[in-house]
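Listed below are the residues making up each chain.
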Amino acid sequence: MSDPCPLLILISAPSGGGKTTLCQQLLSARPGMTRAITCTTREPRNGEKDGVDYYFLDAASFLKRVQAGNFLEHATVYGNSYGTLKSEVLEKLRQGKDVLLNVDVQGAASIRRCAEEDAELRRALFTVFLTPPTLAVLEERLRRRASDAPAVVQKRLGVARQEIAQWKNFDYLLISSSIEADLRRMMAIVDAEKMRAARAQPPEF
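Here's what I pulled together on the structure shown here. Only a predicted model underlies this, so the values are computations on that prediction, with no experimental measurement involved.

Some words on the overall build of the chain
- When helices and strands are tallied, the chain shows eight helices and nine strands.
- Its C-alpha radius of gyration of 18 Å places the chain within 12% of the 17 Å reference for a compact globule of 205 residues.
- Counting every position in the chain, which comprises 205 residues, the buried fraction comes to 40%.
- Residue pairs in contact within the chain that sit at least 24 positions apart in sequence constitute 67% of those at least 6 positions apart.

Set out below in C-alpha cells:
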C-alpha cells in the first residue's frame, strides 16, 4: 500500500560523518523507502548501470538541464558534475514512496529554497544533520579510513568545521555514536515525522 503522505528525507553530514552508512542502513531497514537517483557527468565504474546507480549524462546534456532549472541541487566535484532532478524526486513521492536524499550542506540549502517555492516538496521535506560529537572524533574517523594523505585529511577537517557550523539550518541534529544507535534514532525521527498532524491521515469517526 502506498503512503498517502510520503516523506522527503534529507540527510547531510561533514565528510567522514557517516551519512553514506546511515543511508544504506535506513534503506535496508525500510523497504518502502527509496533513494533519489542522481545525475552525473563522470564515466560509469565497473558494474554501474544507467538509471540504477546514476543517470549518466554528458557535460552538454547536464548543462542544458541546469539552464532549464531541472535540478533541485547540483555541484561539481573533482571535475565531475552531480545533480538531483526535481522530476525524479516528485515522481517517486507521487508513487507514495519515502525518498531519501544524501547531500552536502550546500545541496541541502538549495533543496530548502526549492521547497519554499513548491508546496508538494515543502509538505514532504524534513532535514537531518548528522555529525560526530567532536572534531577530534571526525579526524580519527578520517584517519582510520586511510584513503587520504594527511594534508587531505586536514583540508577535509577545515571544510567540515564550516559545514558543522550550518547545523542550525536543519530540522534535526543527530550526534553520531554507533551505527546501530544512529539508525535507531533516525528511524524514530522518521516515525515522528509520519505522525505530524500536517501529514497524518485523520481518524475516521
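Some details on the packing of helix 1 (residues 19–29) against helix 8 (residues 179–194)
- Remark: helix 1 packs on helix 8, axes separated minimally by 10 Å, with the N-to-C direction vectors making an angle of 60°. Compared by their axis directions, helix 1 and helix 8 come out oblique. The element helix 1 and its partner helix 8 pack so that their crossing is right-handed. On the side of helix 1, the interface is formed by Thr-21, Leu-22, Gln-25, Leu-26 and Ala-29, while helix 8 contributes Ile-179, Asp-182, Leu-183, Met-186 and Met-187.
- The residue makeup of the contact of helix 1 with helix 8, split by class, is seven nonpolar, two polar and one charged.

Considerations on the sheet that holds strand 9 (residues 172–175)
- With parallel pairing, the five strands of this open sheet are ordered in space as 2-7-1-8-9. With one partner strand each, in any of the chains shown, strand 2 (33–35) and strand 9 form the two edges of the open sheet. The average angle at which neighbouring strand axes cross in this sheet is 25°, direction not considered.
- Where strand 8 (residues 125–131) and strand 9 come together, four bridges link them in parallel fashion.

Describing the nonpolar core
- Of all hydrophobic cores here, the largest spans 19 residues; its most connected members are Leu-8, Leu-10, Val-89, Leu-93, Leu-101, Ile-111 and Leu-121.
- Among the elements of the structure, strand 1 (8–12), helix 3 (86–94), strand 7 (98–102), helix 4 (105–116), helix 5 (119–124) and strand 8 are those that each provide at least two residues to this core.
- For this core, the element with the highest residue contribution is helix 4, accounting for four residues.
- With residues near it in sequence (within four places) discarded, Leu-10 still touches Leu-101, Val-103, Ala-108, Ile-111, Leu-125, Phe-126, Thr-127, Val-128 and Phe-170.
- Residues Met-33, Leu-130, Met-186 and Val-190 belong to the second largest nonpolar core, which totals 17 residues.

Regarding the sheet that holds strand 3 (residues 39–40)
- Spatially, 4-3-6-5 is the arrangement adopted by the four strands of the open sheet, whose pairing is mixed. The sheet is open, and its two edges are formed by strand 4 (55–56) and strand 5 (71–77), each paired on a single side.
- Note that strand 5 and strand 6 (residues 80–85) share six bridges and pair antiparallel. Residue Thr-76 lies in a different strand from strand 6, and its bridge partner there is Ser-81.

What about the pattern of salt bridges?
- Counted under the stated rule, the structure contains eight salt bridges.
- The partner of Lys-194 in a salt bridge is Asp-98, and the shortest N-O contact between them spans 2.8 Å. Placement of Lys-194 in helix 8 and of Asp-98 in strand 7 is noted, with a sequence separation of 96 residues between them.
- Its relative accessible area of 24% is what places Lys-194 among the partly exposed residues.
- Here Glu-193 ties to Arg-196 by a salt bridge, and the two come within 3.0 Å at their closest N and O atoms.

Describing helix 8
- With 16 residues, helix 8 ought to run about 22 Å at 1.5 Å a step, and its terminal C-alpha atoms sit 23 Å apart, in line with that.
- For helix 8, the full list of buried residues reads Ala-181, Asp-182, Leu-183, Met-186, Ile-189, Val-190 and Glu-193.
- On its buried face, helix 8 is in contact with strand 1, helix 1, strand 2, strand 8 and strand 9.

Some remarks on the packing of aromatic side chains
- Inspection of every chain in the model, using the stated rule, returns five aromatic pairs.
- Summarising the aromatic geometry, the rings of Phe-129 and Phe-170 are spaced 5.2 Å apart at their centres and angled 45° between planes, so their arrangement reads as tilted. In this pair, Phe-129 sits in strand 8 while Phe-170 sits in the loop between helix 7 (150–164) and strand 9, placing the two residues 41 residues apart along the sequence.
- Taken together, Tyr-54, Phe-56 and Tyr-82 form an aromatic cluster joined through their ring pairs.
- Note that Arg-112 overlies the ring of Phe-170, its terminal NZ or CZ placed 4.9 Å from the centroid.

Reading the values: the criteria
Residues numbered from 1 in each chain as written. Predicted model: local features only at pLDDT ≥ 70, side-chain atom pairs only at ≥ 80, totals over all residues. Heavy atoms only, no water. Helix = DSSP H or I, 4+ residues; strand = E, 2+ residues; numbered from the N terminus. Rg over C-alpha atoms; globule rule 2.2 N^0.38 Å. Buried < 20%, exposed > 50% of the residue type's maximum accessible area, 1.4 Å probe, protein only. Contact = heavy atoms within 4.5 Å. Axes fitted to C-alpha atoms, helices over the stretch in contact; angles between N-to-C directions. Parallel < 35°, antiparallel > 145°, perpendicular 65-115°, else oblique. Left-handed = near helix turned anticlockwise from the far one by under 90°. Nonpolar A, V, L, I, M, F, W, Y, C, P; charged D, E, K, R; others polar. Pairing = 2+ DSSP bridges. Core = buried A, V, L, I, M, F, W, Y, C linked by side-chain atoms within 4.5 Å. Salt bridge = Lys/Arg side-chain N within 4 Å of Asp/Glu carboxyl O. Expected span 1.5 Å × (residues − 1). Phe/Tyr/Trp six-rings, centres within 6.5 Å; stacked < 30°, edge-to-face > 60°. Lys NZ or Arg CZ within 6 Å of the ring centre and 35° of its normal.

Limitation: the analysis is restricted to geometry and does not speak to function.
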